[in-house]
Amino acid sequence: MGTINSAFSIISGALDADQAALGVVSNNVANANTTGYTREIPNWQENQPIDIGGVQSGTGVTETGATSVRDRVLLERLDQQQQLASASSTRLAALNTIEALFTPDTGSSSSKAGDIGSDITGFFSSFSSLEANPTNNALRQQVLSAASTLAGDLSSAAASLGSQKAALDQEASGVTTQVNALTTSIAQLNLQIQSTSPNGDAGTLEDQRQQDLSQLSQLIGINQVTTENNGLSITTTSGQTLVSEGTAYQLTTGMSGGVTHFYVGTTDVTKPLMSGGGQLGGYLQARDGDIPTTLTQLDQLAFGISTEVNAQNALGTDLNGKSGGAIFSQSTQAEGSAASMSVKMTDPNGIAAAASGSGSGDNANALAMANLASSSDPPVLNGLTLPDGQALAAGQTLLNGKTPTNYYSMFVTTLGSTVSQVQTENTAQNASVTQLQTQSNALSGVNLNDEASAMMTIERSYQAASKVFTMLDTLMASALNLGSQTTVT
């Protein structure tokens, strides 16, 4: 009877193992649409065989639990690509807003700075009109009106850039709350995983940790280091520790130079985070790179135009017979010139259309003013003393050797090229994310067709074991009835 009892034990174990495996498959099907769920497969382990007289007899199989099907290397590559794509997406959105400021305004949007290129052309063209009749008050007023439009649009553009910088600063600061919440969660999950599954797969706990890692990588650039007992340490891309197994280190903020800086402990990590990736990296690239660069070029344009025009007007004679005064308010340096640019002159008679010492009907200086638009190195710059008391060095020009129109055109072209470059990078990075996500889903995602096939295989195994169980039951009943065939119900 020992042999029959052993057979009963083996078949009972097989039924239990198949039942447990069916539970794993059913759980997969139930979580097919659960975000972040990783497909599980049952694990089978051969039972210890029995050795009788040197002959080993098998004792069946046991289902020892489920293992999630995941590729840690693939998941880390996906996180890294998400960091890059998130950074470029965030930066691209900011660049599109910057570029929109310098798109000619065909509507009534108050967010536009106007068509600065047309403003420059219109301003210098007003001097060309004044040449024909230098004593005409309406034409003189037109010069001041065109100057006001140009100054207003440059000032408006600078103010809009300043507002965008402040908004980006606030959004960047807000990321820290999300980062700290995720790093705290990961540290807690590390402790749970190390406690429950130090040497194997932790199932849903690892799914939760991977979800947190995926979200964290979209916010900030990180590196991952696997530690003992299935733990995980996380650092910024420059090496500052954010999570060390069960301990999270907070990302903090503080003001420096008028903007938010970011710290891990006492270490200022603002600059490394700028190139680290994630939304925070994108915000910082736009806040500390793209906007300051744009403002610097606008400042140079405003400073160059106001300096050249004021200097040329000072060389002529106005309608009152005096040397021409400043048309634009004059900054002492290029920095901040666009934001502060305005028209200082209020009396159109102060426009010095005549050459020095000539009568009011002369137009020589008005012609020279108009020619500033087409001269990359105006004669007026020779020996010019700047508002801060410094003279231009030999060969130095206020607009890098370009006319105001060409300088602005080059500025817009460069900005557009930057937007296009980041757009191309973002498209490629998103394509890479999609490809890696597809690979990960193919490996770890639940495919209902595959689960149906696995369920059918396990059900057939269960049915086969049940039939063997029935046969053994019949055989046992017959043996108890001294060989008489017995029907078992």
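Refer to the structure printed above.
The present account deals with the structure reproduced in this document.

Conventions and cut-offs
- Residues numbered from 1 in each chain as written.
- Predicted model: local features only at pLDDT ≥ 70, side-chain atom pairs only at ≥ 80, totals over all residues.
- Heavy atoms only, no water.
- Helix = DSSP H or I, 4+ residues; strand = E, 2+ residues; numbered from the N terminus.
- Rg over C-alpha atoms; globule rule 2.2 N^0.38 Å.
- Buried < 20%, exposed > 50% of the residue type's maximum accessible area, 1.4 Å probe, protein only.
- Contact = heavy atoms within 4.5 Å.
- 1 Å grid on protein atoms, 1.4 Å probe; cavity = no way out; pocket = protein on both sides within 12 Å on 5 of 7 lines; lining within 4 Å.
- Points joined across faces, edges and corners; volume = space filled by probe spheres on them.
- Nonpolar A, V, L, I, M, F, W, Y, C, P; charged D, E, K, R; others polar.
- Pairing = 2+ DSSP bridges.
- Axes fitted to C-alpha atoms, helices over the stretch in contact; angles between N-to-C directions.

This part is about the overall build of the chain. The helix and strand tally for the chain stands at 11 helices and 13 strands. Against the globule reference of 23 Å for 489 residues, the chain gives a C-alpha radius of gyration of 38 Å, more extended than a compact globule. Considering only C-alpha atoms, the chain reaches an extent of 145 × 45 × 30 Å along its principal axes. Residues classed as buried in the chain amount to 42% of the 489 residues present. Put simply, 67% of the contacts in the chain that link residues at least 6 apart link residues at least 24 apart.

Below, the discussion takes up the layout of surface pockets. One number sums up the size of the largest pocket: a volume of about 360 Å³. Looking at the largest pocket, it is lined by 22 residues, and the ones nearest its centre are Gly36, Gln211, Gln437, Ser440 and Asn441. Within the residue set of the lining of the largest pocket, elements represented by two or more residues are helix H2 (72–101), helix H5 (204–219) and helix H10 (404–444). Here the lining of the largest pocket is composed, by residue class, of five nonpolar, 14 polar and three charged. Of the pockets and cavities examined, the second largest pocket occupies roughly 220 Å³. Lining the second largest pocket are 15 residues, with Arg72, Gln210, Leu213, Gln224 and Leu232 positioned closest to its centre. Elements represented by at least two residues in the lining of the second largest pocket include exactly H2, H5 and strand S5 (222–226). Class assignment for the residues of the lining of the second largest pocket results in five nonpolar, five polar and five charged.

On the basis of which strands lie adjacent, the open sheet formed by four strands has the order S5-S6-S7-S8 and antiparallel pairing. Both edges of this open sheet fall to S5 and strand S8 (247–248), since each of them pairs with a single strand only. Examined bridge by bridge, strand S6 (residues 232–236) and strand S7 (residues 241–244) share three bridges and lie antiparallel to one another. Bridging from a neighbouring strand, isoleucine 234 pairs with valine 243 of S7.

What the rule picks out here adds up to one cavity of 30 Å³ or more. Looking at the largest cavity, its volume works out to about 30 Å³. Contributing to the lining of the largest cavity are Ala302, Phe303, Ser306, Ser329, Ser331, Ser337, Ser340 and Met341. In terms of residue count, the dominant contributor to the lining of the largest cavity is helix H7 (residues 278–314) (three residues).

In space, the three strands of this open sheet follow the order S9-S10-S11, with antiparallel pairing throughout. Of all the strands in the sheet, the pair left with one neighbour each is strand S9 (251–256) and strand S11 (267–268). The pairing of S9 with strand S10 (residues 259–264) spans six bridges and is classified as antiparallel. In the strand pairing of S10, threonine 252 is matched with tyrosine 263. Sheet contacts for helix H4 (residues 137–196): S9 and S10; angle to S10, the most-contacted strand, approximately 25°.

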